[in-house]
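Coordinates in review
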Amino acid sequence: MKVALLVNGAVREVDVEPRKTLLDTLREDLSLTGAHAGCEHGVCGACTVLVDGAPVRSCLMFAVQADGLDITTIEGLASAPGELSVLQDSFCETHGLQCGFCTPGMILASHALLEANPAPTRADIAEAISGNICRCTGYGQIVEAVELAAERLRLANAPRAAAGGRP
Amino acid sequence: MKPAEFAYVRPASVAEACAVLASNPDARVVAGGQTLVPMLAMRLARPSILVDILRLPELAGIAEEPGTLVIGATTRQVEAERSSLVASRLPLLAAALPWVGHPPTRNRGTVGGSLANADPSAEIPLVAVALEAEIVTEDEGGRFAMPADDFFIGPMLTAAPEAGLLTQVRFPVWSEPCVGVGFHEVSARRSDFAFVSAAAQVALDPDGRCTRIALGIGGVGDRPVRLDVAGLVGTRVEGDRVAQAVEAAAAVLEPTSDLHASAAYRRRVAILLGARAIGDAVADAQEKGAGR
Amino acid sequence: MSAEAARFRFVSANRRVREDRRFVAGHGRYVADIALEGMLHVAILGAQHPAARILSIDPSAALAMPGVHYVLTGEELAGATDQLMNGLDTPNVRRFPLALGQTRYAGEWVAAVVADTRALAEDACEKVKVSYERLPYLTQAEEALDPSSPPVHPAHGSNVLLDKQFVWGEVDRHFAESPRQLSFRVTWGRNSTVPIETFGVVASWDPWSEMLDVWASIQMPKYPDQIARALRIPANNVRVHHDVDVGGSYGVKRGIKHTVLAAHLARRLGRPVRLLEDRLENMRGGDAHGPERIFDVDVAFDDAGIVRSMKMRALDNAGAYAGRAPFQLGKPIGAIVGPYKIESVAYRAQSVTTNKAVQEAVRGFGQSPTNYAIETALDKVGLACGLDRIEVRRRNFIRKEEFPYLIPSGTRYDSGDYHTVVDKVLAHVDYPALVAERDRLRAEGMLAGIGIAACLEPSGGNSAFEPLLNEKNETTTWMESVRINVDGTGCVAVTIHTTSSGQGHETLAATVVAEVLEIDPDLIRIVRPDSLACLPSNTPVGSRMAIMMGGACFHAAQKLKAKLLRIGAHRLGLAPEAARYQGGSVGAVSGGQALDWAALVNIAHRNFHLLPPDTEPGLESTHVMQVPTGTSLPKDGRVQMYPCHSFEFHLVLVALDPVLGKPEIRRYVIGHDCGTVINPHIVKGMTLGGIAHGLGAALLEEFVYDEEGQMLTQSFMDYLLPSSHEMPKVEIVHHCTPSPFTVFGQKGSGESGYLGAPAAISGALNDAVAEFGISFDKLPIRISAISDAVAAARVRSSEETTS
């Protein structure tokens with residue numbers, strides 16, 4: 001079936017079998033390999049992408065179901081090659097990852113959280129990433145990364161007067 | 001883990017969906033797909049055709065009718081979770097929704113999908129049974145409404161018509177001025193299917209006496225169960241009386257054992273969480289009463 | 001730490017981990033991202049039965065499907081390849097990638113289907129008809145000891161792979177002389193590290209150059225050699241590509257059977273072949289389960305709680321094939337007394353075959369289960385003597401001044417200061433306040449308990465357990481190598497010779513080389529050549545890379561620095577001892593003129609006439625590092641196992657509702673001493689991740705088989721991995737006791753956290769239910785089991801009261 005996806009801001013047309021998941025379509029037909037297959041039954045979250053801004057499991061969605069929808073993958077998060085978003089940079093700062101396999105999903109889930117909630121509590125962060133399993137880190141430095149990014153984004157967005165005399 | 005081949009259609013109306021279902025005996029309806037797709041991936045389900053109803057406008061949305069809150073089948077769980085109508089009219093559902101899967105599965109998963117899937121430990125069916133919601137289905141023969149208690153037959157088994165689909169769920173809204181709710185659940189991990197879940201809703205009169213009570217238990221047997229604790233009506237719903245009432249009512253439960261929890265555990269915890277849910281519901285109602 | 005850090009420029013500094021950039025951008029390069037022109041896809045048909053004779057395999061219907069290229073059976077593969085290596089000398093426990101004649105566990109690979117896409121291959125798998133004749137089977141280790149149990153490998157003669165008794169010291173006398181003794185059994189459930197990336201391999205054969213190219217998510221020593229041996233081709237016809245990021249391993253990513261199968265198919269079909277396990281294949285037939293072990297322990301001690309001797313019998317259920325599983329009973333011999341001064345030990349190591357999936361190396365290589373048994377013993381001794389469980393440990397700890405300390409089994413511990421680490425942790429948590437908090441929770445009607453674990457992480461791994469358990473194996477080195485090249489423009493490239501699975505080896509290598517050469521680590525390029533261009537490596541196993549790769553980097557950089565010094569001194573007309581190297585320049589010790597980096601590089605690369613006599617041009621150095629203490633074969637059942645011993649002290653407060661039984665970790669503190677830390681971010685991550693993994697082992701994770709020999713926990717809906725909800729915030733208290741055996745004083749940390757967390761959490765739950773006179777003796781401890789045990793104990797006590 002022919003399907004048109006809006007991926008990272010560009011319309012991408014693919015011809016896929018109905019049984020092909022959005023995950024496999026992104027990886028195989030569009031060479032966007034940042035989303036990963038971990039369990040292919042919707043538990044681990046390594047395949048997370050944003051659909052209309054909300055994190056979903058791309059292994060639990062067929063590409064034909066995504067026809068016309070707005071999809072953001074990890075490749076679409078930074079402004080340019082070699083650049084990182086504040087959140088991505090914060091993951092580097094706290095070393096919120098090790099092997100990197102769950103990381104794109106973890107970052108997209110956290111990105112959606114920060115879009116909706118600029119000042120999340122630790123519990124908010126834990127809930128937002130609870131559907132993303134990380135086997136390396138024990139989550140501690142991931143939570144720190146999201147906290148750090150939230151703080152940086154708040155400061156960046158704050159009006160000058162509210163920044164408290166920072167240089 | 002790739003699904004077996006299937007064809008895919010996205011009908012433009014419920015009528016068209018029903019027609020496709022009628023002419024393809026092994027067709028399956030898909031909406032959010034959060035439970036069906038894993039079954040497809042493991043090839044435990046292998047329909048010849050998937051009928052995608054997610055974008056049918058007539059199935060989406062939350063609307064209020066006199067005494068009833070109507071939730072369209074394809075309403076995303078996240079929309080219900082954020083709905084102010086649900087929060088004010090169906091606080092029990094609002095309390096249960098954060099326990100449904102994870103945020104990403106709630107972003108895709110639908111209210112109707114959870115009902116149609118009929119997992120015995122799922123939260124939305126539990127609330128539907130506890131509150132005696134009505135489930136509306138449709139096939140080429142027309143619309144049917146039936147009580148949730150009749151709709152759920154067993155694990156993953158419902159009374160929905162073979163060639164039909166679930167179109168909406170109609171929750172009665174309690175009109176008493178002072179209604180409180182309580183929801184409890186236990187599972188190995190916070191987001192897993194419940195070993196036991198308990199949903200309670202209580203209405204109190206100005207003197208703090210119970211005028212109406214509903215209690216549902218999920219995860220214990222092959223489907224969610226409404227327990228008869230009507231003996232608490234007319235009382236203050238406090239002290240040992242609550243646990244005794246729940247324990248007596250729990251006699252009807254038929255708990256099962258599995259890898260994760262024994263039958264004895266499920267019975268014991270059902271009684272505990274049932275009583276706690278009622279306790280929380282009473283406290284919630286009292287708080288609301290005090291705030292009025 | 002700060003004093004330590006001051007000694008170094010980059011080592012111990014809070015510098016970023018260089019690998020992270022590509023991963024956060026989604027630009028890691030995992031095996032599933034590698035797509036070759038014309039690549040075909042494999043799906044696996046697994047056995048239905050735990051034991052069955054394969055009567056016939058009929059692939060015709062599958063082969064008739066469009067897009068299907070091949071169906072491979074065990075018979076063909078066994079004819080074309082040699083059997084996979086066994087660790088022990090058990091030649092009749094033959095293992096091939098596909099079952100040969102007989103299946104030995106449910107899920108064992110029976111046939112492989114090759115097709116244009118993975119989905120097609122799965123479609124065709126369903127059409128392969130296999131007829132079986134069912135055979136008797138067994139799943140329990142104790143049953144396997146019975147000589148009349150159905151043999152998993154009839155040719156081997158029994159189900160016993162290993163039954164070796166060690167006695168180190170005067171165990172009988174110490175038991176006879178000790179006023180007190182106790183015995184218990186604990187069981188470690190079958191679990192594993194279960195990385196989120198399954199195992200995958202891509203193989204491609206070029207008949208014109210006779211070259212097998214392999215890309216794999218591999219963490220395995222001597223992988224190219226094993227591939228070549230199995231395929232009966234020269235090892236220099238195998239090229240393993242190391243520029244593949246591995247999506248987690250923690251020991252288990254050792255898909256030799258996958259690789260041999262894919263490589264055979266690539267040669268047979270003349271097309272690149274990819275085999276990516278899906279999750280169901282991974283869990284059921286990926287041969288990556290971990291130890292499943294019963295411990296029977298006796299300890300002899302006195303009234304003061306001093307443990308003098310221990311007898312431990314460890315019975316491990318290896319599953320259907322031997323592999324390296326029995327060695328996981330051998331490695332813990334190097335820390336068999338934990339951090340304690342136990343004078344003598346009798347240890348019986350038993351490994352048996354059953355009709356379950358095969359084990360692979362799991363983080364700690366058997367140490368975490370052993371630590372669980374040792375720590376349970378210490379808890380019980382404390383309880384028996386009426387001693388605080390921390391006090392009983394303090395009394396038995398090896399003291400700081402006693403290092404290096406020789407334990408009965410022949411290993412010399414390098415260094416440690418256990419008492420100080422414990423003191424720091426207790427001060428950090430305010431231990432009396434923690435006890436008061438536990439008691440307050442109890443007064444509220446909760447169950448609450450404090451758990452304690454003090455244990456070691458042997459690190460710097462060599463393979464001394466191999467010759468110890470297999471006399472035919474005379475391996476005494478487990479080297480690691482590094483090469484440094486400075487090009488004609490002065491840029492530095494360091495080659496490392498392995499894949500990585502999140503351990504940050506690129507950061508490690510850059511940090512160490514930069515430290516020695518006093519240059520900016522961010523300007524150093526790290527390269528991973530393919531295996532044909534590699535120097536010897538034994539890959540990141542046995543918590544060894546900080547010690548071994550770090551050590552190799554150090555020595556290679558020292559050699560390079562020495563050469564720069566010679567060049568500079570010669571050019572300046574100085575005696576070498578009159579010159580000094582500083583920040584990339586060479587000048588006179590007394591000051592004055594100096595040659596900078598560019599000038600030195602220029603001489604090395606362009607001015608042979610300016611080089612000292614007998615000096616090779618160019619700027620390159622290599623170092624192949626031997627494990628610091630691993631030099632000799634075992635003698636009389638004693639061996640120096642690993643060189644270094646990190647220490648961790650866990651303190652946990654757990655609370656739970658007695659009816660719900662669901663443990664909630666209210667406080668988790670770990671004191672950690674891995675000597676000099678090279679990168680604090682990496683060590684912290686390892687420790688937290690290890691604790692999460694240990695929490696899973698303690699409470700959630702188990703590969704469960706039913707009585708029919710079928711695995712019940714094949715999906716992530718039943719095999720439960722800890723999520724962010726289950727992991728508490730962990731507080732780390734650092735201490736640094738440098739190792740005298742390593743270049744910076746560093747020790748290993750890749751297994752940290754995991755080695756003590758199961759023991760600590762189990763101890764906390766046992767403390768919580770101690771009032772009922774019960775304890776849990778099997779991991780994982782499921783919440784239903786807790787509630788059921790408490791309910792049963794309450795019934796018993798109410799019956800006693802009424803009777």
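Residues numbered from 1 in each chain as written. Chains lettered and ligands numbered in written order. Predicted model: local features only at pLDDT ≥ 70, side-chain atom pairs only at ≥ 80, totals over all residues. Heavy atoms only, no water.

As annotated in an unreviewed UniProt entry, chain C carries the name Xanthine dehydrogenase family protein molybdopterin-binding subunit and comes from Xanthobacter tagetidis.

Going by the annotation in an unreviewed UniProt entry, the name recorded for chain A is (2Fe-2S)-binding protein, with Xanthobacter tagetidis given as the source organism.

**Here's the deal with the domain arrangement of chain A**
A common way to express how large an interface is: the accessible area buried when the components associate. All names here are of chain A. In terms of domains, chain A is made up of domain 1 (2–76) and domain 2 (86–159). Taken together, the contacts link 17 residues of domain 1 with 13 residues of domain 2. Between domain 1 and domain 2, a total of about 1,100 Å² is buried, with carbon and sulfur atoms accounting for 67% of that surface. Linking domain 1 with domain 2 are 0 salt bridges. Taken together, the links from domain 1 to domain 2 amount to 5 residue pairs in polar contact (both at pLDDT 80 or more). Counting residues per element, the ones that place at least two in the side of domain 1 that touches domain 2 are β3 (48–51) and β4 (54–57). Examining the composition of the side of domain 1 that touches domain 2, we find that 3 residues originate from one element, β3, more than from any other. Partitioning the side of domain 1 that touches domain 2 into residue classes produces 8 nonpolar, 8 polar and 1 charged. (Domains from an automatic or database assignment. Contact = heavy atoms within 4.5 Å. Buried area = accessible area lost by both parts, 1.4 Å probe. Salt bridge = Lys/Arg side-chain N within 4 Å of Asp/Glu carboxyl O. Polar contact = N/O pair within 3.5 Å; in protein donor to acceptor, adjacent residues only side chain to side chain. Helix = DSSP H or I, 4+ residues; strand = E, 2+ residues; numbered from the N terminus. Nonpolar A, V, L, I, M, F, W, Y, C, P; charged D, E, K, R; others polar.)

**Remarks on the interface of chain A and chain C**
Listed per partner, the contact involves 48 residues of chain A and 52 residues of chain C. Taking both partners together, chain A and chain C bury about 4,000 Å²; carbon and sulfur atoms supply 55% of that area. Across the contact surface, chain A and chain C share 6 salt bridges. Where Glu144(A) meets Lys684(C), a salt bridge forms, and the shortest distance between an N and an O atom there is 2.8 Å. Contributions of two or more residues to the side of chain A that touches chain C are made by α1 (22–29), α2 (86–94), α3 (103–116), α4 (122–128) and α5 (140–157) of chain A. Among the residues forming the side of chain A that touches chain C, the class breakdown is 19 nonpolar, 17 polar and 12 charged.

**A short note on the nonpolar core**
Counting 219 residues, the largest nonpolar core has Phe91(A), Ile278(B), Tyr347(C), Tyr413(C), Tyr431(C) and Leu651(C) as the members making the most contacts within it. Looking at this core, the element that brings in the most residues is helix α11 (residues 263–291) of chain B, giving 12 residues. Val541(C), Ile547(C), Ala579(C) and Phe744(C) belong to the second-largest nonpolar core, a separate cluster that totals 51 residues. (Core = buried A, V, L, I, M, F, W, Y, C linked by side-chain atoms within 4.5 Å. Buried < 20%, exposed > 50% of the residue type's maximum accessible area, 1.4 Å probe, protein only.)

**Quick word on the pattern of salt bridges**
Within this structure, the stated rule accounts for 82 salt bridges over all chains. Measuring nitrogen to oxygen at the nearest pair gives 2.6 Å for the salt bridge that ties Asp123(C) to Arg43(B). Within this pair, whereas Asp123(C) is found in helix α5 (residues 118–125), its partner Arg43(B) is found in the loop between α2 (36–41) and β3 (49–52), the two belonging to separate chains. Summarising the burial analysis for this pair, Asp123(C) and Arg43(B) share the class buried.

**A word on the confidence of the model for chain A**
On average, residues of chain A score 94 in pLDDT, and 93% of them reach the 70 mark or higher. Taken together, the stretch residues 160–167 of chain A has pLDDT below 50 and engages in 1 contact with residues farther than four places along the chain or on a different chain. (pLDDT = per-residue confidence, 0-100.)

**Section: the packing of aromatic side chains**
Residue and element names in this part refer to chain C. Scanning the entire structure with this criterion turns up 21 aromatic pairs over all chains. Between Phe365 and Phe465 the ring centres are 5.0 Å apart and the planes differ by 40°, which places this aromatic pair in the tilted class. Residue Phe365 is located in the loop between β15 (344–353) and α11 (367–385), and its partner Phe465 is located in helix α15 (residues 465–469); the two are separated by 100 residues in the primary sequence. Arranged with centres 5.8 Å apart and planes meeting at 90°, the rings of Phe397 and Phe647 form a pair that is edge-to-face. A residue pair is termed long-range when its members are at least 10 positions apart, and Phe397 in the loop between α12 (389–396) and β16 (405–406) and Phe647 in strand β26 (residues 644–656) qualify at 250 residues. Given the relative accessible area of 2%, Phe647 is considered buried. By the ring-pair criterion, three or more aromatic residues cluster together here, those being Tyr340, Phe397, Phe403, Tyr418 and Phe647. (Phe/Tyr/Trp six-rings, centres within 6.5 Å; stacked < 30°, edge-to-face > 60°.)

**Focus on helix α10 (residues 240–249) of chain B**
Residue and element names in this part refer to chain B. For α10, the full list of buried residues reads Val242, Ala245, Val246 and Ala249. With its buried residues spanning 95° around the axis, α10 presents them on a single face. Across from the buried face of α10, at angles greater than 90 degrees, the exposed residues are Asp240, Gln244 and Ala248. (Arc of directions from axis to C-beta.)

**Quick word on the domain arrangement of chain C**
All names here are of chain C. We note that the domain assignment places domain 1 (2–27 + 479–625), domain 2 (34–135 + 196–248 + 254–285) and domain 3 (368–375 + 387–464 + 640–797) within chain C. The straight-line distance from the C-alpha centre of domain 1 to that of domain 3 is 38 Å. Counting each side, the surface lost to burial between domain 1 and domain 3 is near 1,900 Å², with a carbon and sulfur contribution of 67%. Run the count over domain 1 and domain 3 and you get 0 salt bridges. Our count for the contact surface shared by domain 1 and domain 3 stands at 11 residue pairs in polar contact (both at pLDDT 80 or more). Of all the secondary-structure elements, those providing two or more residues to the side of domain 1 that touches domain 3 are α1 (2–7), α16 (505–517) and α17 (545–572). The greatest single-element share of the side of domain 1 that touches domain 3, amounting to 7 residues, is contributed by α17. Residue composition of the side of domain 1 that touches domain 3, by class: 11 nonpolar, 12 polar and 6 charged.

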